[in-house]
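Overview (structure and organization)
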Amino acid sequence: MTNAEGGDLYLGIEDDSTVTGIQPYHADESGVKAMIQNRTVPPLYVDAQLIQEQGLQVLDLKIPQSTTLTSTSEGKYLIRRLKVDGTPETVGMTPAELDSRRSDLRLLDYSGRILEISASEVLDYPLIQKLRTLIRERQGDYSLLELDDEQLLHALHITTARNGKDYPTVAGLLLIGKAEWIRKLIPSAESAFQVIEGLAVRKNDHSFDALISTVERFEELFNAWNPETEVMEGMFRRPIPEFSFQAFREGLVNAFCHRDYTRLQPVRVLIDDEGLTICSPGGFLPGITLEDLLTAEPKSRNPLLTDIMKRIGLAERTGRGIDRIYEGSIVYGRPLPDYSESNSQQVKLYIPRAKPNITFTQMLSDEITRTGKTFSINALLVWSYLEQERRLTLTELSSLIHIGQARTRTAVENLVESGLVEGHGSGKNRDYTLSQSLYKIDDKSAEYERQKINIQKSLSDTILDYLSTRASASKTQLSEVTGYSSQTIYKALKELQQQGRITAVGKARSTRYKLADHF
């Protein structure tokens, strides 16, 4: 279990969930912990606790996910996994599984391995010119262009010199190798591009071509199957694609850079009636979850390959290509990319087909033109969730975006200043909606007024609830309790007085409010 994902192991509960209780000699928590430490290399420290289940004693062992490979004291590497029928089994790890696990733990860079075969035999040297073209066209590391071919390959660690002879790295073979040698030496390095309409397969491209050729070909195929919709912006027509090219490219490059090359499964691109899917073998690296995809520190399963892709301009240099994937959907007001079908075996990116929100696209474009600044990914996420939920508090936004409230506040208040979002109230109860200007442009003024009424209604109910527990309260007290500004509270109190639901007692600063006698 520690060589997989860790978890809880219950001694005294069978695989079919039958509670049988533990044997007396297992009732010593300290003794069991010591036994596990003595029989694992390096020693594995677990937490053990006796619990009661159906009147019987059960020992709960909390097993952490190991940060290195753990073997038995006899030198066996074992892993706990589920069989096809869902029942568990413990099996020995194969050499490929050991490499895969080391790669997951970043103890091994598979792409940095040196292949014991002549570079001149397996590399496609004419592709070096394409490599130079990529660096120029995609703003890579221009200093590389000053080197001759041999120096360029050494600088990128595509080849390594040993005893006066050049040998390729795995990353180098993947990048500019001959297809027949890639297939022979790295049989997992297959890629597939498929287009399916209904039940008809329109495109089914499989290959072992070098990555720089594959990326170029897949981009051409993507553009051919990515229709555009023209919209009017003033006197001009603007094409809006079905899928963002930038998001596709980053998703594709991420799939090649971060995939597990020990798994015999291709990187697969699929365009069908539902959307765009990019599937990459190997799950997320330890420490990365669906919740922190946008905030986790950049990590790579193949550091050398990723570094080369950055230096030649194919990958995002900052390591935040995931931001570009999300941005590609948000800027058109479409649903967010979906990684929910990812698991320990694969990472699956799904971008659904959806109509663009032309109104927001225009507003965002106008705001960028006006200020000369682009919006952060956090600000774009704030707007996206407000479009879906209509009204959210700072706490709710922070929970959805999975960042702290301080950073969420900065993002949302920047949108308030830009006029894309409106804030209501203050303090802990401050909440946010899309701006009135957005509703007006989209001819949804009535919807905005309903939203405004709902906000006011919520505040009115809060005031009434508070007054129902007290004889009276001042405007200042109500402002402090609700978190709304004094002016907002004053307007709400006036409306409640006009409705006959509350009465005012006293004058000026000494005025207090209480529920009407008949209410």
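Data block above holds the structure.
Residues numbered from 1 in each chain as written. Predicted model: local features only at pLDDT ≥ 70, side-chain atom pairs only at ≥ 80, totals over all residues. Heavy atoms only, no water.

**Structural notes on the side chain of Asn 378**
Relative to the assigned elements, Asn 378 resides in helix α13 (residues 377-389). In contact with Asn 378, not counting residues within four places along its chain, are Ile 401, Ile 403, Arg 407 and Ala 411. (Helix = DSSP H or I, 4+ residues; strand = E, 2+ residues; numbered from the N terminus. Contact = heavy atoms within 4.5 Å.)

**Focus on the layout of surface pockets**
Put simply, the largest pocket is a space of about 940 Å³. As for the largest pocket, its lining consists of 34 residues, and the residues nearest its centre are Ala 4, Glu 5, Arg 263, Ser 344 and Gln 345. Top element by residues in the lining of the largest pocket is helix α2 (residues 95-104). It accounts for five residues. Its residues assigned to classes, the lining of the largest pocket shows twelve nonpolar, 13 polar and nine charged. (1 Å grid on protein atoms, 1.4 Å probe; cavity = no way out; pocket = protein on both sides within 12 Å on 5 of 7 lines; lining within 4 Å. Points joined across faces, edges and corners; volume = space filled by probe spheres on them. Nonpolar A, V, L, I, M, F, W, Y, C, P; charged D, E, K, R; others polar.)

**Observations concerning the pairing of strand β16 (residues 346-352)**
Counted residue by residue, β16 has five buried out of seven residues, so it is predominantly covered. Examined bridge by bridge, strand β15 (residues 275-281) and β16 share seven bridges and lie antiparallel to one another. Note on β16: the bridge partner recorded for Leu 276 is Ile 351. (Buried < 20%, exposed > 50% of the residue type's maximum accessible area, 1.4 Å probe, protein only. Pairing = 2+ DSSP bridges.)

**Notes on unusual backbone geometry**
Cis rather than trans, the peptide bond between Val 41 and Pro 42 has omega equal to -10°. Residue position: Pro 42 is located in the loop between β2 (40-41) and β3 (47-53). Positive phi outside glycine occurs at His 157, with the angle close to 60°. Relative to the elements of secondary structure, His 157 occurs in the loop between α5 (149-155) and β8 (159-162). Judged by relative accessible area, His 157 falls into the partly exposed class, the value being 41%. A positive phi angle, close to 50°, is found at Asn 163, a residue other than glycine. Looking at the element boundaries, Asn 163 is found in the loop between β8 and β9 (165-168).

**With respect to the sheet that holds β3**
The three strands lie next to each other as β1-β4-β3, forming an open sheet whose pairing is antiparallel. Edge positions in the sheet fall to β1 (7-11) and β3, since each of these pairs with one other strand and no more. Across the sheet, the axes of successive neighbouring strands diverge by a mean angle of 30°, strand direction being ignored. The sheet contact formed by β1 and strand β4 (residues 56-63) spans five bridges and is antiparallel. Looking at β4, one finds that Asp 8 is bridged to Lys 62. Sheet strands touched by helix α1 (residues 29-38): β3 and β4. Its angle to β3, the strand with the most contacts, is close to 135°. (Axes fitted to C-alpha atoms, helices over the stretch in contact; angles between N-to-C directions.)

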